[in-house]
Amino acid sequence: MKRYVRAFVSCALLVLVDQLSKLWAVQTLKDGNPIPVIRGVLEFLYVENRGAAFGIMQGRQWLFLIISLAVVLGLVYLLPRIPGERRYLWLRLCLYLVAAGAVGNMIDRLFRGYVVDFFYFKLIDFPVFNVADIYVTGSAFCLMLLVLFYYKEEDFDRVFPRKK
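From a predicted model like this one, the values you see are computed outputs, not experimental measurements.

Some points on unusual backbone geometry
Located in the positive-phi region is Asp31, a residue other than glycine, with phi close to 60°. Residue class for Asp31 comes out exposed when judged on its relative accessible area of 79%.

Written out as structure tokens, the structure is:
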């Protein structure tokens, strides 16, 4: 039970950070000029994203809500199966970040009809993104490294036992 509370609190705090950052962006950047952080490299720029990553599939909010809900339900199913041992801490943390990112952007889609993005790497003209996007992409990258270099097949057998 303690693990479930810790998981919920961790995800809730991460979602809170995401939502507070978006609230700041709306109050500070909407209808205003970009704010340079590092001139010519990084700036805060308000964008309303009605699509998915990099603005693809504009206007399909219902689809993204369904996908986000499926991700969250999948994580709710998966998290209790991960052993509580220290070895699996990184896996749990990555999944908390994925869940928080999915929920953070899902909240935007439900209550605003779009996702608030505001980080812009001007130097390379990278698509504008937000804290929830950082959670998802950062944890996906870490999960890839963990799967490739840290966890062994036996570790995953403990999470997904094979039927005999």
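Still to come is the rest of the account.
Quick word on the sheet that holds strand β1 (residues 35-38)
With antiparallel pairing, three strands are arranged side by side in an open sheet as β1-β2-β3. The open sheet terminates on both sides in strands that have one partner only, identified here as β1 and β3 (115-121). This sheet shows a mean twist of 35° between the axes of neighbouring strands, independent of strand direction.

Topic: the side chain of Asn105
Within the secondary structure, Asn105 sits in helix α3 (residues 89-111). Residue contacts for Asn105: discarding those within four places in its chain leaves Asp18, Lys22, Val115, Asn130, Ala132 and Asp133.

Notes on the packing of α3 against helix α4 (residues 131-150)
Remark: α3 packs on α4, axes separated minimally by 8 Å, with the N-to-C direction vectors making an angle of 150°. Classified by the angle their axes make, α3 and α4 are roughly antiparallel. The two elements α3 and α4 cross, and the hand of that crossing is left-handed. From α3, Trp90, Leu91, Cys94, Leu95, Leu97, Val98, Ala100, Gly101, Ala102 and Asn105 reach across to α4, where they touch Ala132, Asp133, Tyr135, Val136, Ser139, Cys142, Leu143 and Leu146. Broken down by class, the residue content of the contact of α3 with α4 amounts to 14 nonpolar, three polar and one charged.

Conventions and cut-offs
- Residues numbered from 1 in each chain as written.
- Predicted model: local features only at pLDDT ≥ 70, side-chain atom pairs only at ≥ 80, totals over all residues.
- Heavy atoms only, no water.
- Buried < 20%, exposed > 50% of the residue type's maximum accessible area, 1.4 Å probe, protein only.
- Pairing = 2+ DSSP bridges.
- Helix = DSSP H or I, 4+ residues; strand = E, 2+ residues; numbered from the N terminus.
- Axes fitted to C-alpha atoms, helices over the stretch in contact; angles between N-to-C directions.
- Contact = heavy atoms within 4.5 Å.
- Parallel < 35°, antiparallel > 145°, perpendicular 65-115°, else oblique.
- Left-handed = near helix turned anticlockwise from the far one by under 90°.
- Nonpolar A, V, L, I, M, F, W, Y, C, P; charged D, E, K, R; others polar.

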